[in-house]
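Residues per chain, in single letters:
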Amino acid sequence: MLNFHTPTIEDRAWIQPVLSTAGGRGSEDAFGTLFIWSGAYHTEVCRHGNLVFTRYGRAAHTYGFPAGAKSPQELKEALLLLQAHTQETGEALRLWGMDKGEREQIEAVLPGFFRYSSTLDDSDYLYAPEDLISLSGRKYHSKRNHIARFRRTYSYTYEPVSAENLEDCRQVARAWCLAHGCGGGLKDENCAIGKALDHFEALAFVGGLIRIDGKAVAFTAGEAINDQVFDVHFEKALDGYDGLYPAINQAFAEHALSGYRWINREEDMGLEGLRRAKASYYPAEVLEKFTAVRE
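This one's a predicted model, so the numbers in the text were calculated from it and none came from an experiment.

*Asks:* So what exactly am I meant to see when it comes to the overall build of the chain here?
*Replies:* Scanning the chain from N- to C-terminus turns up eleven helices and 13 strands. A compact globule built from 295 residues should have a C-alpha radius of gyration of about 19 Å, and the chain, at 20 Å, falls within 12% of that. Overall size of the chain, expressed as C-alpha extent along the three principal axes, is 60 × 40 × 30 Å. Looking at the chain as a whole, 51% of its 295 residues qualify as buried.

So, in structure tokens, the structure goes:
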């Protein structure tokens, strides 16, 4: 039986290189996602040779795509190992979070083994950095107008998130939570933000902060999944400042993300307002994710 445990910050040393080399583009391919959301999703990890296994859920578990397989045969063995594990625990084998390429890898080694499904709620929104930086073209006209108005209206500064201003980020997060409610999923998010800020340097997170008249009013933070993809985990801006969200989005992309091929701004969780907001930036790709069930 595979031995799973809740990820610790020390696990990053062995998990992150495997995830990075695997070349995934989804938010679950970042160690920070596994670590900061482990309380909400009951995330666990397992090391087996050069492979990383992940699973989610307290009782009925859902497993991630095994990371680190160096050949089709090794992937097949990993999937059959998961099947044996779930047979021993009395669970159905259920995988979540595979993209199209990973689904094709599974089908190549175990054709017809799983039944697949997907939903837009789970899909990640991927953007080209140059689009979020330049906001050029007619489709971004309203975004440019919002930012121009913001720049005319406010005396603001932008700075990278560092040890010196982490407390300012915490204050923004607390103020936002108090203004919008801290129950349900927002409570989980606030806990994840706190965990991210507590371990910011150890997680190799990168972020940006905006001040207006010296007061911290917005911050954003995320991590590199690999040298091609950056995952933006959080973006929080206080109410009452017109154009603040477009401003922090554009400034962070310009100052920190121009060297990547993709910016992953994660899923919309089926929330209509969030879906409209993500669509308004015209993603270069909506990364479909599949659930696979062994029947």
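Structure shown, so let's carry the discussion forward.
*Asks:* Is there a simple way to explain the environment of Thr-6 in this structure?
*Replies:* Along the polypeptide, Thr-6 turns up in the segment before helix 1 (12-22). Spatially, the C-alpha atom of Thr-6 lies 6.3 Å from that of Val-45, the residues being 39 residues apart in sequence.

*Asks:* I would appreciate a short explanation of the sheet that holds strand 9 (residues 215-224) in the present structure.
*Replies:* In spatial order, the strands read 7-8-9-10-11-6-12; together these seven strands make up an open sheet with mixed pairing. Sheet topology places strand 7 (156-160) and strand 12 (285-287) at the edges, where each strand pairs with a single neighbour. Averaged over all adjacent pairs, the angle separating strand axes in this sheet is 25°, with direction ignored. One ladder, built from three bridges, connects strand 6 (residues 124-127) with strand 12; its direction is antiparallel.

*Asks:* Would you mind going over the layout of surface pockets with me for this structure?
*Replies:* Rolled over the atoms, a probe as big as a water molecule pinpoints where empty space is left. In this structure, the largest pocket spans a volume of roughly 1200 Å³. As for the largest pocket, its lining consists of 43 residues, of which Glu-189, Glu-266, Glu-267, Met-269 and Leu-274 are closest to the centre. Elements supplying a minimum of two residues to the lining of the largest pocket: helix 2 (31-36), helix 3 (38-41), strand 4 (94-98), helix 8 (166-180), helix 9 (184-198), strand 10 (229-237), helix 10 (244-256) and helix 11 (272-279). Looking at the lining of the largest pocket, the element that brings in the most residues is strand 10, giving five residues. For the lining of the largest pocket, the residue count by class is 18 nonpolar, ten polar and 15 charged. What lines the second largest pocket is a set of 34 residues, and nearest its centre among them are Ala-22, Phe-65, Pro-66, Ala-67 and Gly-68. Broken down by secondary-structure element, the contributors of at least two residues to the lining of the second largest pocket are helix 1, strand 2 (51-56), helix 4 (72-89), strand 4 and helix 5 (100-109).

*Asks:* Mind showing me how you'd approach the nonpolar core here?
*Replies:* One broad rule of soluble globular proteins: the nonpolar side chains tend to lie buried together. Core analysis: the largest hydrophobic core is formed by 58 residues, its most contacted members being Ile-15, Ile-36 and Ile-210. Considering each element in turn, this core owes the most residues, six residues, to helix 10. Counting residues in each nonpolar core, the second largest holds 22 residues, with Phe-53, Leu-79, Leu-93 and Leu-95 among its members.

*Asks:* Would you explain the side chain of Gln-16 in this entry?
*Replies:* Its place among the elements puts Gln-16 in helix 1. Its relative accessible area of 9% is what places Gln-16 among the buried residues. Among the polar contacts listed, one links the side chain of Gln-16 to the backbone oxygen of Ile-225, at a separation of 3.5 Å. The residues touching Gln-16, leaving out its near neighbours within four places in the chain, are Phe-31, Glu-223, Ala-224 and Ile-225.

How each quantity is defined
Residues numbered from 1 in each chain as written. Predicted model: local features only at pLDDT ≥ 70, side-chain atom pairs only at ≥ 80, totals over all residues. Heavy atoms only, no water. Helix = DSSP H or I, 4+ residues; strand = E, 2+ residues; numbered from the N terminus. Rg over C-alpha atoms; globule rule 2.2 N^0.38 Å. Buried < 20%, exposed > 50% of the residue type's maximum accessible area, 1.4 Å probe, protein only. Pairing = 2+ DSSP bridges. Axes fitted to C-alpha atoms, helices over the stretch in contact; angles between N-to-C directions. 1 Å grid on protein atoms, 1.4 Å probe; cavity = no way out; pocket = protein on both sides within 12 Å on 5 of 7 lines; lining within 4 Å. Points joined across faces, edges and corners; volume = space filled by probe spheres on them. Nonpolar A, V, L, I, M, F, W, Y, C, P; charged D, E, K, R; others polar. Core = buried A, V, L, I, M, F, W, Y, C linked by side-chain atoms within 4.5 Å. Polar contact = N/O pair within 3.5 Å; in protein donor to acceptor, adjacent residues only side chain to side chain. Contact = heavy atoms within 4.5 Å.

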